[in-house]
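A structural walkthrough
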Amino acid sequence: MGIKLNIMNLMLNSKKFVTLAGVFFVSLSLFSCKSIKNSVLNGASDSLAGSNKKGVPVKVKADEPNPMDAFMDESDPVIVQEVLPTIVKLYEIMHIENPSHQGLSIMCGSLQVMYANLCIQSKADLMTDPRLLDEQVAEYKRAQLHYLKGRDYILGAFDQRWPGFKDAVLGTDAAKIEEFVSKLTADDVNAVYWACAGHMAFWSLDPLDPTALGSLKGSVAMLEKAAALDPDYGNGGIWDILSQFYTAAPIDFGGDAERGVYCHEQAMRASSGKSASVYVTYAEAFCKPAGDVDGFKDALNKALAIDASTAPSGRLMTVISQNKARWLLEHIDDYFVIW
């Protein structure tokens, strides 16, 4: 099992990305006065991170051009996979220059999770040839490394704001978890999504890891809080992750089939049935375990029927999900006994 992420959530919530990077470094080099340099540093960081020093998203005008259209409207995932590692390291360099900027911490964390999912795990998932098992395991380990790195960047930002936050949400004390999760606001929903997506994806690659299992409670609580604060976030992205968790986790660690169905229904509602990713989730998380081959085929064919051109801002995610749907249909014999 692998938790699927809607990588477009990050792109949709970042109005500035790479184009300002050159301006950032050139401007920084022009100033020797510390106060002016810090001002330039924070201003550039706000723009590039899409949120300010305290992690609050920067408001932009609805008609402002979005450089991320070059990514969101892309129909070739490979070109994004090729450029993403450079972007990840660029933001980490910026974070070293301005480590107390919570917006940068959140963006660095989001990018790490995106990189792990799009550039590592998605490729490793397709290594089904037994001869590639060792390579697949090694790649999953790499993905886990970046998932945790991304999670910790974001939880570190929350820790700056509320000391003790990280230890609480990664612990098992229900009262402590509730105390700190209650502090989250609507401005934190995007950060919560990426922090918890990283943690959940890390766990999904080794579901029997006792450490990962023991620290799931906080991530689930954070996701449930985020879903309550913004039920339509990312066209159902939060609900989609929750549905995958509830259907896959052992009952003793929070698994709940009924809640999983509800979360899937909410994901369908929030996406208006137009998210290929949600259909792929249904096929993998619901139909495959139930042995429902007809439901499996139907869900994947519905994913493939979505016209990516009708929603350019989500074209890349649709193409990625549809590629996965085709692959699953081509390998249907691996999951079902078909007479």
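1. Some remarks on the overall build of the protein
- On a plain count of helices and strands, the protein comes out with 17 helices and 0 strands.
- Across the 339 residues that make up the protein, the buried fraction comes to 51%.
- Within the protein, counting contacts between residues at least 6 apart in sequence, those at least 24 apart form 70% of the total.
- For the protein, the exposed area adds up to about 15500 Å²; of that, 56% sits on carbon and sulfur atoms.

2. A short note on the packing of helix α10 (residues 189–204) against helix α12 (residues 216–229)
- Between α10 and α12, whose axes approach to 9 Å, the crossing angle comes to 145°. Crossing hand, α10 versus α12: left-handed. Residues V189, V192, Y193, C196, H199, M200 and W203 of α10 form the contact with α12, whose participating residues are L216, S219, V220, M222, L223, A226 and L229.
- In terms of residue class, the contact of α10 with α12 is built from 12 nonpolar, 2 polar and no charged.

3. Some remarks on the confidence of the model for the protein
- Chain-level pLDDT for the protein is 85 on average; 81% of the residues reach the 70-or-more range.
- pLDDT under 50 marks residues 10–28. Its contacts with residues more than four places away, or in other chains, come to 53 contacts.

4. Things to note about helix α16 (residues 293–305)
- With 13 residues, α16 extends 18 Å from end C-alpha to end C-alpha; this agrees with the ideal 18 Å at 1.5 Å per step.
- Among the residues of α16, G295, F296, A299, L300 and A303 are the ones counted as buried. Seen end-on, α16 carries its buried residues on one side only, within an arc spanning 125°. Exposed residues lying more than 90 degrees from the buried face of α16 are D294 and A305.

5. Brief notes about the environment of A267
- By secondary structure assignment, the location of A267 is in helix α14 (residues 257–271).
- As a C-alpha pair, A267 and Y233 span 34 residues in sequence and 9.7 Å in three-dimensional space.
- With residues near it in sequence (within four places) discarded, A267 still touches N235, G236, W239, D240 and V278.

6. Some points on the nonpolar core
- If you look at the biggest cluster of nonpolar residues, it comprises 71 residues, and the most contacted ones within it are Y91, F158, F165, M222, I238 and L242.
- If you tally residues by element for this core, the top one is helix α6 (residues 102–124), at 13 residues.
- Judged by nonpolar contacts, the second largest core, of 15 residues, contains Y279, A303, I306 and L328.

7. Here we look at the pattern of salt bridges
- Under the defined criterion, the tally for this structure stands at 11 salt bridges.
- Ionic pairing is found between E139 and R142, a salt bridge with its closest N-O pair at 3.0 Å. Pair noted here: E139 and R142 are both in helix α7 (residues 133–161), with a separation of 3 residues, about one helical turn.
- The shortest N-O distance in the salt bridge between E284 and K324 comes to 3.4 Å. Within this pair, whereas E284 is found in helix α15 (residues 276–290), its partner K324 is found in helix α17 (residues 315–330), the two being separated by 40 residues in sequence.
- In this structure, a network of salt bridges that share partners links the residues K89, E92 and K149.

8. Description of helix α13 (residues 237–248)
- When the terminal C-alpha atoms of α13 are compared, their 17 Å separation across 12 residues agrees well with the 16 Å that a helix rising 1.5 Å per residue should span.
- Where burial is concerned, most of α13 is hidden: 10 out of the 12 residues are buried.
- G237, I238, W239, D240, I241, L242, S243, Q244, F245 and Y246 are the residues of α13 that are buried.

9. Concerning unusual backbone geometry
- One non-glycine residue with positive phi stands out, namely N235, at about 55°.
- Relative to the elements of secondary structure, N235 occurs in the loop between α12 and α13.
- Phi is positive for S272, which is not a glycine, with a value near 55°.
- Residue placement: S272 occurs in the loop between α14 and α15.
- Of the residues examined, S272 reaches a relative accessible area of 54% and is grouped as exposed.

Calculation notes
Residues numbered from 1 in each chain as written. Predicted model: local features only at pLDDT ≥ 70, side-chain atom pairs only at ≥ 80, totals over all residues. Heavy atoms only, no water. Helix = DSSP H or I, 4+ residues; strand = E, 2+ residues; numbered from the N terminus. Buried < 20%, exposed > 50% of the residue type's maximum accessible area, 1.4 Å probe, protein only. Contact = heavy atoms within 4.5 Å. Areas by Shrake-Rupley, 256 points an atom, 1.4 Å probe, with all protein chains shown as cover. Axes fitted to C-alpha atoms, helices over the stretch in contact; angles between N-to-C directions. Left-handed = near helix turned anticlockwise from the far one by under 90°. Nonpolar A, V, L, I, M, F, W, Y, C, P; charged D, E, K, R; others polar. pLDDT = per-residue confidence, 0-100. Expected span 1.5 Å × (residues − 1). Arc of directions from axis to C-beta. Core = buried A, V, L, I, M, F, W, Y, C linked by side-chain atoms within 4.5 Å. Salt bridge = Lys/Arg side-chain N within 4 Å of Asp/Glu carboxyl O.

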